[in-house]
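Chain by chain, the residues:
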Amino acid sequence: MKILKSWLNDWIDIENVNSDDISEALESLGFEIESRIDKVPNYKNIVVGKVIDIYQHPNADKVRVTKVDVGSKVYEIVCGAWNFDINAVVPVALPNSEIKDGFKIDKRDIRGVESNGMICSASELDLWDDHAGILKLSDDIKIGSDFSKTYASVDTMWEVGVTPNRGDCMSHLGIARELSGYYDRPLKQNEIKLTPNIENIIKVNSGKSKLCNSYLSIEIENFEISDADIEIRYRLSSVGVRVINNVVDYTNYVLHDIGQPLHAFDRDKLFGTISVRKAKDNEILKTLDEQERKLSDDDLIITDNDSPIALAGVMGGFDTEVTESTKNLLIESAYFDKVSIMKTSRKLNLISDASIRFERGIDYDNQQKGLERFVSVFNKDQDINYSEITISKKNGLSHEEVTFDKQEIHNILGQELSDEFISETLSQLQIESNVESEKISFKSPSWRYDLERPIDLIEELAKHYGFNNFKSTLPIGNNLNNKGEYWNKRNYISNLLSSNNFFEVQTLSFADNESNDIFTPEKNPVTVINPIDQTQEFLRTNLLSSLINTYKHNFENNAQSNKYYEINNVYDDTKHKLYKDIPNQEYSLGLLLPETETNHDTRGELIQNDIHTLTNIVNLLFPKIQYEQILRPGFHKNYSYILKLNNQIIGYMGKLSYKTQSLLNLDNSLYIMQVNTENFAMSDIEDTYYQPLSTYPFIKFDLSFTVNFDFIASDLIEFIETLLPDNENKISIFDNFTNEKSRNLGIRIITRNYTKTYTDNESSEILEMIVAMVESKYSIKLNSRGNDAN
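Residues numbered from 1 in each chain as written. Predicted model: local features only at pLDDT ≥ 70, side-chain atom pairs only at ≥ 80, totals over all residues. Heavy atoms only, no water.

(A) Spatial organisation of the overall build of the chain. Scanning the chain from N- to C-terminus turns up 19 helices and 40 strands. Relative to its length of 790 residues, the chain is extended, with a C-alpha radius of gyration of 39 Å against a globular reference of 28 Å. Dimensions of the chain along its principal axes, counting C-alpha atoms only, are 135 × 70 × 60 Å. Classification of the 790 residues of the chain by burial places 51% in the buried group. Nonlocal contacts in the chain, meaning residues at least 24 apart in sequence, comprise 69% of its contacts between residues at least 6 apart. Counting only carbon and sulfur atoms, one obtains 46% of the accessible surface of the chain, whose full area is about 40,500 Å². (Helix = DSSP H or I, 4+ residues; strand = E, 2+ residues; numbered from the N terminus. Rg over C-alpha atoms; globule rule 2.2 N^0.38 Å. Buried < 20%, exposed > 50% of the residue type's maximum accessible area, 1.4 Å probe, protein only. Contact = heavy atoms within 4.5 Å. Areas by Shrake-Rupley, 256 points an atom, 1.4 Å probe, with all protein chains shown as cover.)

Rendered as structure tokens:
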């Protein structure tokens, strides 16, 4: 949003505050300054003149000769514009002056007539884009005066970033409120008292829909469509608004001034009661851009005798627009539901200054002030006849009172704030509050939608206390290194996969229906209201398609066959577990492993992966994982598994089926996995198992047993481990010899105690105990002494 210092000064006295200080204040208040322009006139020596005579050029049909009085002298100037007459007050560039971009003006001979300068348009003075003709000024401006003094030509413009939760700051009044608290300076009241002098003709009401809480209007008769005041036009142009005519300009001015959107109807094109309702399915409305819009029952519209004439909060209708011939107006000021406006605006791809403010939340008590402000500004331009304001409101809106323990402020900020500071700050911000010894109660004003919880108010207090005023101290507490479950999982997964040569990717959440159906046909996708194209009509229901697209792109463009993973959200059109108003979303891990992997060590061969490679990675991530073979869509029927932790399904893995591989035009087989990271806790995967090292010498036995052909060697290892529970053990099979008649199994036992060194007798006792227990349990026989005890 763009703001002007001179415009802010209408609401708070900052005229003598340095612009650098204001920049610092804005940043301290949480507004990121995206750009700043110190505005100065892009011209030199332009004066105000009055046209006292006009006559035809003797040698040219398309230009006229004028006589212009600039106070001290009358100059003859040839001019090609025809939008002014005698007595017009205009900006004049005399000889030795400059217009836009340093273009020098001097005397010129124009087909036999000497022109002593030029009469200027707004474009030639770099005020705003207007090529319609000469800039006409107010008759009460002194002739001969410096043109740059007739408006705030020296100013500062900031473009600031306003977060979506601060719709109240989408106006100069809103920013001024913030600066008022920062500088401890009161807001200017700018009270307006209307004196209506005509009767209302049109009836209005807010309709039955709860999506419109209030609908107000005022009527204006027998006015003249003309240019707005130069100060208004210059301000609007400076904040990026196109200058059109006084009606449109003044509605835009009120929007940027106090944040209340207005809409102007040609009253003579209205024939009945103006009301608000939801549209009917497939109802048609032709909007101001001359496009016929097909509506649905989610859209809110303004009606005249129940016929649609405007898209509420978004755009007016073509049939009731204000034109050059308009003589009578009806000005609308309303409060519409922000979610409804956002949905309609996005669905129809109609995003306007008004819709942006409605969807962020406007002041629900500002509608009358908006009409009063409009009439006040219009009245300075020309004497107008206007009616009383017609008001149609439903039950009053209000924010709920919030109470919390005052100790929470110190717990969050680590800083004591005095009761006096808290009370004064909340009073300056016009937040109703009650500060007691242990409790704080507050109720947000009508323009603040962001103060819903205690933490919101605590942040507000911290901001106005000044983050630079907090003491520089070391943090204290028991949970300093605890980033939370979300970040602990993410860091664990990222560190492990990155150390195993996986590349992390981040992709957009949009997908086409085919990409969703390949792997998750059981999920209903969320439809995007305003997709960029047909490949992004839905939110993705899986991460696998995104990973495969990334793999294909890098393989086809960079000849790189790499391993990838992504940690991101997937969506489906069911109710969210916590928030009923948004679709379900699950934070998930997706992983892709190609069968043939590029070796980034150019000296090595290509790396070959298979299902066991993927299984090893899964086991590293989830040491207690359980596998269950089950066929999943898109997967190979022999290599498709669901993954379980604690008997709960957390995801699935396997190999891409040949059919899917062909469908996606892949030359390389892929192994893929997706896991819902919300279905397990860190305690399920981060258990650390280790065996301490003994400081005493070890003893070693090599034993050879004659066993059956189907004997399982790992059973023998596990059994011997149980015989030496208090030792550090390393047990392995060193020989497995089989012929037609018998099978010999060689086992090596390396063991040592944690508290002592074994004597020779103790070593012999251990050996004999192991042999006896093994022979007894498995009915196998030790071969003639092939053992070695050390």
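(B) The packing of aromatic side chains, seen in detail. Under the definition given, this model contains 24 aromatic pairs. Ring geometry for Phe336 versus Phe358: centroids 5.3 Å apart, planes at 50 degrees, classification tilted. One end of the pair, Phe336, is in strand β20 (residues 329-336); the other, Phe358, is in helix α7 (residues 353-360), with 22 residues separating them in the sequence. Each ring, one from Phe719 and one from Tyr778, has its centre 5.7 Å from the other, and the planes form 90 degrees; the classification is edge-to-face. With Phe719 in helix α18 (residues 713-723) and Tyr778 in helix α19 (residues 760-778), this residue pair connects regions lying 59 residues apart in the sequence. Within the aromatic cluster, the residues linked to one another by ring pairs are Tyr43, Phe147, Tyr151 and Tyr234. Over the ring of Trp447 we find Arg177; its NZ or CZ atom is 3.8 Å from the centre of that ring. A cation sits over an aromatic face here: Arg632 above Tyr652, 4.1 Å from the ring centre. (Phe/Tyr/Trp six-rings, centres within 6.5 Å; stacked < 30°, edge-to-face > 60°. Lys NZ or Arg CZ within 6 Å of the ring centre and 35° of its normal.)

(C) Seen up close, the nonpolar core. Within the largest apolar cluster, 55 residues are counted, with the highest numbers of intra-cluster contacts made by Leu26, Ile220, Leu329, Ile331, Phe374 and Phe378. Not counting residues up to four positions away in its chain, the partners in contact with Ile220 are Lys327, Asn328, Leu329, Ile331, Phe374, Phe378, Ile384, Asn385 and Tyr386. Counting residues in each nonpolar core, the second largest holds 31 residues, with Leu211, Tyr215, Ile309 and Ala312 among its members. (Core = buried A, V, L, I, M, F, W, Y, C linked by side-chain atoms within 4.5 Å.)

(D) Inspection of the pairing of strand β29 (residues 563-575) at higher detail. Among the 13 residues in β29, ten count as buried, and that is most of the element. Note that strand β26 (residues 502-504) and β29 share three bridges and pair parallel. The partner of Phe503 across the bridge, within β29, is Tyr564. Judged from the ten bridges that link them, β29 and strand β30 (residues 583-594) form a sheet pairing that is antiparallel. Each bridged residue has a counterpart across the sheet, and for Asn568 the counterpart in β30 is Ser588. (Pairing = 2+ DSSP bridges.)

(E) Broad picture of helix α8 (residues 367-381). In a regular helix each residue adds 1.5 Å, so 15 residues correspond to 21 Å; α8 covers 22 Å between its end C-alpha atoms and thus fits that length. By the burial criterion, the buried members of α8 are Gln367, Gly370, Leu371, Glu372, Arg373, Phe374, Val375, Val377 and Phe378. (Expected span 1.5 Å × (residues − 1).)

(F) Here's a closer look at the packing of helix α2 (residues 19-28) against helix α3 (residues 172-183). Where α2 contacts α3, the two axes come as close as 10 Å, and the packing angle between them is 100 degrees. What the angle tells us is that α2 and α3 run roughly perpendicular. Residue-level contacts link Asp21, Ile22, Ala25, Leu26 and Ser28 of α2 to Ile175, Leu179, Tyr182 and Tyr183 of α3. (Axes fitted to C-alpha atoms, helices over the stretch in contact; angles between N-to-C directions. Parallel < 35°, antiparallel > 145°, perpendicular 65-115°, else oblique.)

(G) Structural detail: the side chain of Thr541. On the secondary structure map, Thr541 appears in the loop between β28 (538-539) and α14 (544-558). Discounting chain neighbours no more than four positions away, the residues touching Thr541 are Asn516, Thr520, Lys523, Pro525, Val570, Tyr571 and Gln674.

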